[in-house]
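# Residue-level structure breakdown
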Amino acid sequence: MSDAILTLDAVTKTFGHGASTVHAARAISFSLHAGRALALVGESGSGKTTCARMAMREYQPTTGQILYKGRPVEGAKADEIARYRRSVQMIFQDPFASLNPAHTIAHHLRRPLKLHRPDIRGSQIDATVRELLERVKLDPDLVAPKYPHELSGGQRQRVNIARALAAQPEVIVADEPTSMLDVSVRLGVLNLLNDMKKEMNLGLLYITHDIATARYVAEDIAVMYSGQIVEWGPTGEVIDNPIHPYTRLLLSAVPDPDVRFDDPRTRLRPEDVDDIRKAAAAPQEKVVEALPGHFARSL
Amino acid sequence: MSEPLLSVKNLTIDYIGEEKDFRAVDDVSFDIAPGEVFGLAGESGCGKSTIAFAISRLHKPPALIRKGSRILLAGRDVLDLDPKALADFRWREVAMVFQSAMNSLNPVLRIEDQFYDVLRTHKGMTRAQARERAAEMLRLVDIPPDRMSNYPHQFSGGMRQRIVIAICMALNPKLVVMDEPTTALDVVVQREILQRINELRKEFGFSVLFITHDLGLMVQFCDRIGIMLAGKLVEQNEAAAIYKAPQHDYTKKLWASFPSLHGGVLS
Ligand SMILES: Nc1ncnc2c1ncn2[C@@H]1O[C@H](COP(=O)(O)OP(=O)(O)OP(=O)(O)O)[C@@H](O)[C@H]1O
Ligand SMILES: Nc1ncnc2c1ncn2[C@@H]1O[C@H](COP(=O)(O)OP(=O)(O)OP(=O)(O)O)[C@@H](O)[C@H]1O
Ligand SMILES: [Mg+2]
Ligand SMILES: [Mg+2]
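Attention in this report is confined to the structure presented alongside it. (Residues numbered from 1 in each chain as written. Chains lettered and ligands numbered in written order. Predicted model: local features only at pLDDT ≥ 70, side-chain atom pairs only at ≥ 80, totals over all residues. Heavy atoms only, no water.)

Within chain B, the secondary structure is distributed over 9 helices and 11 strands. Against the globule reference of 18 Å for 267 residues, chain B gives a C-alpha radius of gyration of 19 Å, in line with a compact fold. Once the C-alpha set of chain B is aligned to its principal axes, its extents read approximately 55 × 50 × 40 Å. Looking at chain B as a whole, 56% of its 267 residues qualify as buried. (Helix = DSSP H or I, 4+ residues; strand = E, 2+ residues; numbered from the N terminus. Rg over C-alpha atoms; globule rule 2.2 N^0.38 Å. Buried < 20%, exposed > 50% of the residue type's maximum accessible area, 1.4 Å probe, protein only.)

This structure, assessed with the given rule, holds 10 aromatic pairs over all chains. Pairing Y243 of chain B with W255 of chain B gives two aromatic rings, centres 5.3 Å apart and planes at 45°, and the pair type is tilted. Of this pair, Y243 of chain B sits in helix 8 (residues 239–244) while W255 of chain B sits in helix 9 (residues 249–256), placing them 12 residues apart in sequence. Clustering of aromatic rings is evident, with ring pairs tying together F261 of chain A together with F210 and F221 of chain B. In this arrangement the basic side chain of R120 of chain B is found over the ring face of Y116 of chain B, its NZ or CZ atom lying 5.0 Å from the centre. (Phe/Tyr/Trp six-rings, centres within 6.5 Å; stacked < 30°, edge-to-face > 60°. Lys NZ or Arg CZ within 6 Å of the ring centre and 35° of its normal.)

Another point: the pairing of strand 8 (residues 203–207) of chain A. All names here are of chain A. Counting buried residues along strand 8, 5 of its 5 residues qualify, which places the element largely inside the surrounding structure. Burial along strand 8 is two-sided: the face carrying G203, L205 and I207 and the face carrying L204 and Y206 are both buried. Where strand 3 (residues 37–42) lies against strand 8, 4 bridges are found, and the strand directions are parallel. Among the inter-strand pairings, L38 is bridged to a residue of strand 8, identified as L205. Two strands pair when backbone bridges link them, and strand 7 (residues 171–175) and strand 8 are joined in this way by 5 bridges, in the parallel orientation. Within strand 8, the position partnered with V171 by the bridge is G203. You can see the chain leave strand 7, run along helix 7 (residues 183–199) and come back into strand 8, and the turn it takes is right-handed. (Pairing = 2+ DSSP bridges. Right-handed = clockwise from strand over helix to strand, strands pointing away.)

The next point concerns the site of ligand 1. Residue and element names in this part refer to chain A. Close contacts around ligand 1 come from 14 residues, with G45, K48, T49, T50 and H209 the closest. At a separation of 2.8 Å, an oxygen atom of ligand 1 approaches a polar side-chain atom of T49. Note that a nitrogen atom of ligand 1 is positioned 3.2 Å from one of the side-chain N or O atoms of Y59. Protein contact buries 62% of the 630 Å² of open area that ligand 1 shows by itself. Among the elements of the structure, strand 2 (22–33) and helix 1 (48–55) are those that each provide at least two residues to the shell around ligand 1. Looking at which element gives the most residues to the shell around ligand 1, the answer is helix 1, with 3 residues. (Near = heavy atom within 4 Å. Polar contact = N/O pair within 3.5 Å; in protein donor to acceptor, adjacent residues only side chain to side chain. Areas by Shrake-Rupley, 256 points an atom, 1.4 Å probe, with all protein chains shown as cover.)

Moving on, we get to the interface of chain B and chain A. Contact residues are listed per partner, giving 42 residues for chain B and 37 residues for chain A. In total, chain B and chain A occlude about 3,500 Å² of area from one another, counting both sides; carbon and sulfur atoms represent 57% of this. Three residues, R191, Q220 and L261 of chain B, lead the burial of chain B against chain A; their summed loss comes to 22% of the area buried on that side. Here chain B is connected to chain A by 5 salt bridges. Between D258 of chain A and K244 of chain B there is a salt bridge, with the nearest N and O atoms lying 3.6 Å from each other. Run the count over chain B and chain A and you get 15 residue pairs in polar contact (both at pLDDT 80 or more). Of all the secondary structure elements, the ones that give two or more residues to the side of chain B that touches chain A are helix 6 (187–204), helix 7 (215–221), helix 8 and helix 9 of chain B. Broken down by element, the residue count for the side of chain B that touches chain A peaks at 12 residues, all from helix 6 of chain B. (Contact = heavy atoms within 4.5 Å. Buried area = accessible area lost by both parts, 1.4 Å probe. Salt bridge = Lys/Arg side-chain N within 4 Å of Asp/Glu carboxyl O.)

Quick look at the structure:
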């Protein structure tokens, strides 16, 4: 595997203090590599968005550090931090809220170009806007002069992707990028992310509740529960041979039209679920490697 | 099928606009039998929520239900209810759970007081009676009754959603309308909630109108499913038929938009 672009190294994030402390992330470690995607899945409230925000430097880790190409970002020189900001771009969940209704699509794409791309000037800017829209399979003549409300959700999310690409990033962090989109356009956006990853050699952090799509876009997967990554490894390997009880539980609950809720053989027993939750919530340092690259925390 | 509990006939709903009206629901008819779970699936904007609101009589202008539309619940036309009958109808006959219902709990009231509010207003219960009923309902959704003195923020999103469901069912409604009730939750919590509702409807006999964009989930839970496209119900059938033998091209297209977890089957 290529060298890591972005690494979270034993990063912890707590909110609040005293009896009401929330351990949103406990000793989280993972790396993003060029041309590869890592899917982050797991319980609601397990800390996935918190990890994304730390990668975006919106939250400062409580302990641990973030590395950019092997070097700590904290305490780096201003120009290195600027480089990091440009290199790591985010795509948000809500394609509606993240675009300004008062500005055209062209305006949304010119801004990051002016900010991050001193190499292009004048008429080159509009040419690059066209290129970016073509990249995300939107017709520049049609879309560039439009306002966000004149586009569908799927089109808006493509604009968001184009905007992230404008900075020529090395890494894209996508937090549930398709959960607010229609099922019929989701696959299109996922295909686009997949193509970007391969063609532009991007590293991708893909956060989702939809584990089937994780398999679709991500080479690697990490499963979170209660602030910890409880299992991680190659996506197919983890999904086909889950080790950690929470991963197994999560996979058994993925909607599957072949499993009816009234079938007693496949019923989830609340007592079992509670037991798994209790056991998985305890901080656990010990890790087992089931196969090369496939790890799980012991219980 | 036995006499339906809910019978929607030729339902047509427009959103009245300044220049022109928008037909959100176009001549839709379907029945739901007592104890049955009926699903409505289809893309964003096809009119699912508009139907859910109309059945609960929670629709507001600019939504206008066109003449000739009928919504019969246990033989009575919901669209003819006067305001007094309506107050009784909501909760006792039909209860509605939304995607964001977990945020609809009053943040400054203890859970037991939220039960008390509903049970006093609609059943004239005393505090002690309401507490007993609250305990019973919370147990049904796997929440320890001793937590009824807690406030909403002391529960997780999934627990809050289960509490809303418990409150909705405290008055034994005949029909529970659920509009994307689990969309923001992880699949384990989603499964726990829906599996429980499935058991409760078998025990108590209420019917469910279930709305989601996730066809796989819909087939797991529903007895029958209707597929909507641009305001029209284009296909309705047994869940197994919608899955194994979809008739309409649009239903086939919807199925083709889901990547599968294994390519094979889940153990
Ligand atoms: N700014 C904050 N202040 C206090 N607590 C927070 C803050 N941000 C997150 N948390 C808490 O940290 C935990 C992790 O939240 P996070 O949003 O990272 O979860 P998530 O895995 O993204 O969940 P979901 O799948 O529901 O989006 C939760 O308990 C949350 O309530
Ligand atoms: N208050 C309103 N005024 C005008 N048009 C409306 C209004 N509410 C909804 N609509 C339109 O009516 C149509 C049906 O909307 P509805 O909310 O019923 O769709 P839905 O099937 O529930 O979609 P989703 O899956 O996104 O929840 C949409 O085209 C919507 O834009
Ligand atoms: Mg999140
Ligand atoms: Mg809706």
